[in-house]
Amino acid sequence: MPYERINTYCRMCGEQCSIEVFLDTGKIVKIQGQKNHPWNQGTICVKGLAAMDWIYAPDRITKPLKKTRQGWKEIPLTTALSEIADKMNELKNNYGARSMGFWKGEAIGFAQQEEYARRFCHAFGTPNYFSCDSECFCGHYIGYSLVDGTYPVPDFDNTSCMLLWGTNPPLSRPVIAQKAAAARNRGARLIVIDPMVTEASRQADWHVQLKPATDGAFALGMINLILEKKWYDEEFVKSFTIGFEELSAYAKEFTPPRVERETGVPISVLWQVTREFAEHAPQALNYVGIGLEHHENSINNIRAIASIGALCGCIDQKGGELLPQRAGLPSLTLYDEIPLRHLEPIGAQQFPVLYDFRQECHTMTAMDTMLTGKPYPLKGLIMTAANPVLTNPNSLKVKQALGNLELLVVRDLFMTETAELADYFLPAASFLERTELIVNSHIRQIGLRRKVTDFALCQSEYDFWKALADQLHLQDYFPWKDEVEVNQWLLSQAAISYDQLANSPEGIEYSEAEYLKYRTLGFQTPSGKVEFVSSYLRKYGYDELPIYRQPLYMEEKNQEYPYVLITGSRRRGTCNSRYHNLPKLKVLTPGPEVEMNTSDAETLGLRSGDIVQISSFVGSIELPVRVLGFSEVLEGTVQITHGWQEGNVNIITADLINDPIDGFPLLKSLPVKIVKKETQ
Ligand SMILES: Nc1nc2c(c(=O)[nH]1)N[C@H]1C(S)=C(S)[C@@H](COP(=O)(O)OP(=O)(O)OC[C@H]3O[C@@H](n4cnc5c(=O)[nH]c(N)nc54)[C@H](O)[C@@H]3O)O[C@H]1N2
Ligand SMILES: Nc1nc2c(c(=O)[nH]1)N[C@H]1C(S)=C(S)[C@@H](COP(=O)(O)OP(=O)(O)OC[C@H]3O[C@@H](n4cnc5c(=O)[nH]c(N)nc54)[C@H](O)[C@@H]3O)O[C@H]1N2
Ligand code: SF4
Ligand SMILES: [Mo]
């Protein structure tokens, strides 16, 4: 049949919109949103529309390559896999299995794609699984889980009040943005907490423009007012929480004048926002983005935010912060069957909470391990869907560390800055070339990503791990013939069968919404209650309470670096380091720039387009300036988006200043200095 139309899901970003793909004799000719899908309701964004350009991009690499003295040479796939397996065996014999690591980036997503890599890792005998989650998502997950026992699902569809902390959904999560806009059209209040004016803040009723990394002080200030005015849910607090007295005593320190001094937000705004939230509770929610995660005190700040929802009784209330309803799929990992914590997963000693909650090794510590061989050698790495030379902090160190490996294999679609350092480049299948299950906890739905096309030598994740396992005599761990069999196995215990799903282009709801589930199930914390204080954290020597600490850039000694840099504000046409090679998207997204306030530009004698040198204690880069309006960013704060080879901000971000609990690096709230270089 020359013409085909296939329903599947986009994965140009993590929003997983449902799409229809049109093919003409096997070639994709058009992509559009799937009309009746309950998630994105037929809409897709510019990146989704450009997926075709991306998979057929002229610079896509579709053949395996090996680095030789004369440069990259094509190599048959089976030869590449067998040589890689031989080298892995050699490293295992020389240094032990834990000298190998496996690293999965953001671009292939999570769930089963991540679990294949984790499965392989333990089957091979190393605990060293790494991912982008050393600097993404674990901050909210751990921060919330310490309080609520889980990471709740914000119920935008039914809410009356939304507090968005450090997130800009119109650019980063378009479907969430649609839901927030729909709620607002119904009369719900939208409050955005962000040092910058953003698309989200422009739509908000209140924009709380606070100084970077002071969110904890603002949240504790809100808590103080909620307690003082008795706006909290006494019944819920009495029956379902621990640590209320301790939190109350601590929050008293956050008087409105102190909060104003610390955050720069006027007392009147603190009052109004707190009142809005409390008046609408329990149909009120907090939703936290990446703007909260990349600071030294991020977990405690997020714990304070989680405590607001809990105090006001919003947990698991319709329109509030819902306890997720799981799809009940089995795990593909081998953490129970082959536990390997005794082998000292990298970073688990410094950041045990990251490992306890997420079984994540720490990528920043890995760089030091590769360079020093301490606490043991890390000599080989297989990396898929990641480009840490652009996306991890301290890029020059990343390059040096990866360059020190005896074996680096990169699976990607393109020759990235990271892939250039590899010994083998393996071409990877894109999301249009694989099949997998999509679980969406917002709408409690399972969908099926369908394979739409393929390129002969571009393996899917499953096919790759299985083929490598075969080479290493680990085939028993990968018994499923292909991805379809994996999907069937994942669904074998579920109420929904694979065939049902295959015949449901709009996906299938796996459970109806249920509220107040904690009344029968309790909370998944050590005490079974919401924890305003954490004895688990105390056991490791951390703060029991969500203590606020002033960020480094505010300290007296940082006068050498008088500006504060935030990085990584999302752009419409790119996703982290991706899509910079697509002309259609590149025109939408200006290159890397230092965004700054008009008055800072005046002080420095700068106009848009002038080049500055921006330096931290880690390094320096040169970039053009974009001067924003007076109120678009706070005076003294500057912003640079990450992911650009042409001006890589991660050359100056700090890998060794970390939140002590989850180990996240200082990618935001970084002290910097700025010097004018050239006038445009
Ligand atoms: N300074 C600063 N740095 C940041 C951030 C920040 O805010 N500021 N944000 C951080 C965050 S939140 C994240 S999640 C990380 C993400 O950083 P990474 O995990 O490195 O992910 P990406 O840059 O999105 O994509 C990496 C590569 O995956 C490839 N790819 C795309 N699709 C596929 C596929 O299907 N299979 C395979 N094998 N490869 C594929 C792409 O071509 C790309 O080269 O960046 C972090 N870096
Ligand atoms: N188009 C596009 N979409 C993406 C991505 C992309 O690169 N491009 N990346 C994907 C990934 S990996 C992720 S993790 C998500 C992230 O999605 P979001 O969490 O929504 O990230 P941003 O859109 O960058 O919004 C973060 C906001 O935090 C603000 N901020 C910075 N520091 C602070 C602070 O100290 N306090 C507060 N309150 N705010 C602060 C910034 O000004 C910025 O507006 O987006 C995903 N979606
Ligand atoms: S928001 Fe855009 S890029 Fe992300 S999944 Fe949806 S259509 Fe694709
Ligand atoms: Mo992320």
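Quick caveat: nothing in here was measured; it's all calculated off a predicted structure.

Structural notes on the sheet that holds strand 6 (residues 100-104)
Phase 1 of the analysis: As summarised here, the arrangement of the seven strands in space is 5-4-17-16-15-6-7, forming an open sheet in which the pairing is mixed. Across the chains shown, the open sheet's two edge strands, defined by having one partner strand only, are strand 5 (71-74) and strand 7 (129-131). In this sheet, adjacent strand axes meet at a mean angle of 20 degrees when their direction is disregarded.
Phase 2 of the analysis: Examined bridge by bridge, strand 4 (residues 65-68) and strand 17 (residues 424-427) share two bridges and lie antiparallel to one another. Note on strand 17: the bridge partner recorded for Leu65 is Phe425.

Brief notes about the nonpolar core
Phase 1 of the analysis: In this structure, Met162, Leu163, Trp165, Phe218, Met222, Phe277 and Leu311 are the most contacted members of the largest nonpolar core, which totals 86 residues.
Phase 2 of the analysis: Summarising the domain contributions, this core has at least three residues from each of domain 2 (65-125 + 327-440 + 445-509) and domain 3 (154-324 + 517-539).
Phase 3 of the analysis: Apart from residues lying up to four places away in sequence, Leu311 is in contact with Ile223, Leu227, Tyr232, Asp233, Val237, Phe244, Leu247 and Phe532.
Phase 4 of the analysis: Counting residues in hydrophobic clusters, the runner-up holds 74 residues, among them Met383, Leu405, Ile446 and Leu468.

A look at the domain arrangement of the protein chain
Phase 1 of the analysis: For the protein chain, the assigned domains are domain 1 (4-55), domain 2 (65-125 + 327-440 + 445-509), domain 3 (154-324 + 517-539) and domain 4 (552-676).
Phase 2 of the analysis: The distance between the C-alpha centroids of domain 3 and domain 4 comes to 27 Å.
Phase 3 of the analysis: On the domain 4 side, the residues contacting the 26 residues of domain 3 number 29 residues.
Phase 4 of the analysis: Carbon and sulfur atoms supply 62% of the area buried between domain 3 and domain 4, which totals about 2,200 Å² over both sides.
Phase 5 of the analysis: The largest share of the area that domain 3 buries against domain 4 comes from Met196, His294 and Glu296, three residues that together contribute 33% of it.

Quick look at helix 20 (residues 483-490)
Phase 1 of the analysis: Residues Glu483, Val486, Asn487 and Leu490 constitute the buried set of helix 20. Taken around the axis of helix 20, the buried residues stretch over an arc of 100 degrees, which confines them to a single face.
Phase 2 of the analysis: Buried residues along helix 20 sit against helix 4 (111-124), strand 18 (436-440), strand 19 (445-449), helix 19 (461-471) and helix 21 (498-502).
Phase 3 of the analysis: Put simply, Asp482 is the residue that caps the front of helix 20, since its side-chain oxygen is 3.2 Å from the backbone nitrogen of Val484.

Quick notes on the site of ligand 2
Phase 1 of the analysis: Contacts to ligand 2 come from 32 residues, most closely from Thr167, Ser172, Asp194, Asp215 and Thr574.
Phase 2 of the analysis: With respect to ligand 2, the side chain of Ser172 contributes an N or O atom lying 2.6 Å from an oxygen atom.
Phase 3 of the analysis: Backbone polar atom of Gly568 to an oxygen atom of ligand 2: 3.4 Å apart, as the coordinates give it.
Phase 4 of the analysis: Starting from 920 Å² of accessible surface for ligand 2 in isolation, the protein chains cover 94%.
Phase 5 of the analysis: When the residues that make up the shell around ligand 2 are grouped by side-chain class, the tally is twelve nonpolar, twelve polar and eight charged.
Phase 6 of the analysis: Split by domain, the shell around ligand 2 shows at least three residues from each of two domains, domain 3 (154-324 + 517-539) and domain 4 (552-676).

Description of the pattern of salt bridges
Phase 1 of the analysis: For the structure shown, the criterion picks out 37 salt bridges.
Phase 2 of the analysis: The salt bridge involving Arg173 is made with Glu15; its shortest N-O contact spans 2.6 Å. Of this pair, Arg173 sits in the loop between helix 6 (169-172) and helix 7 (174-185) while Glu15 sits in the loop between strand 1 (3-9) and strand 2 (18-24); the two residues are 158 residues apart in sequence, bridging distant segments of the chain.
Phase 3 of the analysis: With a closest N to O distance of 2.5 Å, Glu199 and Arg572 form a salt bridge. Taken together, the residues Glu199 in helix 8 (residues 199-202) and Arg572 in the loop between strand 22 (563-567) and helix 24 (583-586) connect sequence positions 373 residues apart.
Phase 4 of the analysis: The exposure class of Arg572 is partly exposed, given its relative accessible area of 34%.
Phase 5 of the analysis: Connected via shared salt-bridge partners are Arg184, Arg189, Asp205 and Glu276.

Observations concerning the sheet that holds strand 10 (residues 189-193)
Phase 1 of the analysis: As summarised here, the arrangement of the four strands in space is 11-10-9-13, forming an open sheet in which the pairing is parallel. The sheet terminates laterally at strand 11 (206-208) and strand 13 (284-288), the two strands that pair on one side only. Neighbour-to-neighbour, the strand axes of this sheet turn through a mean angle of 15 degrees, independent of strand direction.
Phase 2 of the analysis: Pairing analysis gives five bridges linking strand 9 (residues 161-165) to strand 10, with the strands arranged parallel. Residue Cys161 lies in a different strand from strand 10, and its bridge partner there is Arg189.
Phase 3 of the analysis: Contacting strand 9, strand 10, strand 11 and strand 13, helix 13 (residues 267-280) crosses the sheet at an angle of about 125 degrees to strand 11.

Quick notes on the rules
- Residues numbered from 1 in each chain as written.
- Chains lettered and ligands numbered in written order.
- Predicted model: local features only at pLDDT ≥ 70, side-chain atom pairs only at ≥ 80, totals over all residues.
- Heavy atoms only, no water.
- Pairing = 2+ DSSP bridges.
- Helix = DSSP H or I, 4+ residues; strand = E, 2+ residues; numbered from the N terminus.
- Axes fitted to C-alpha atoms, helices over the stretch in contact; angles between N-to-C directions.
- Core = buried A, V, L, I, M, F, W, Y, C linked by side-chain atoms within 4.5 Å.
- Buried < 20%, exposed > 50% of the residue type's maximum accessible area, 1.4 Å probe, protein only.
- Domains from an automatic or database assignment.
- Contact = heavy atoms within 4.5 Å.
- Buried area = accessible area lost by both parts, 1.4 Å probe.
- Arc of directions from axis to C-beta.
- Polar contact = N/O pair within 3.5 Å; in protein donor to acceptor, adjacent residues only side chain to side chain.
- Near = heavy atom within 4 Å.
- Areas by Shrake-Rupley, 256 points an atom, 1.4 Å probe, with all protein chains shown as cover.
- Nonpolar A, V, L, I, M, F, W, Y, C, P; charged D, E, K, R; others polar.
- Salt bridge = Lys/Arg side-chain N within 4 Å of Asp/Glu carboxyl O.

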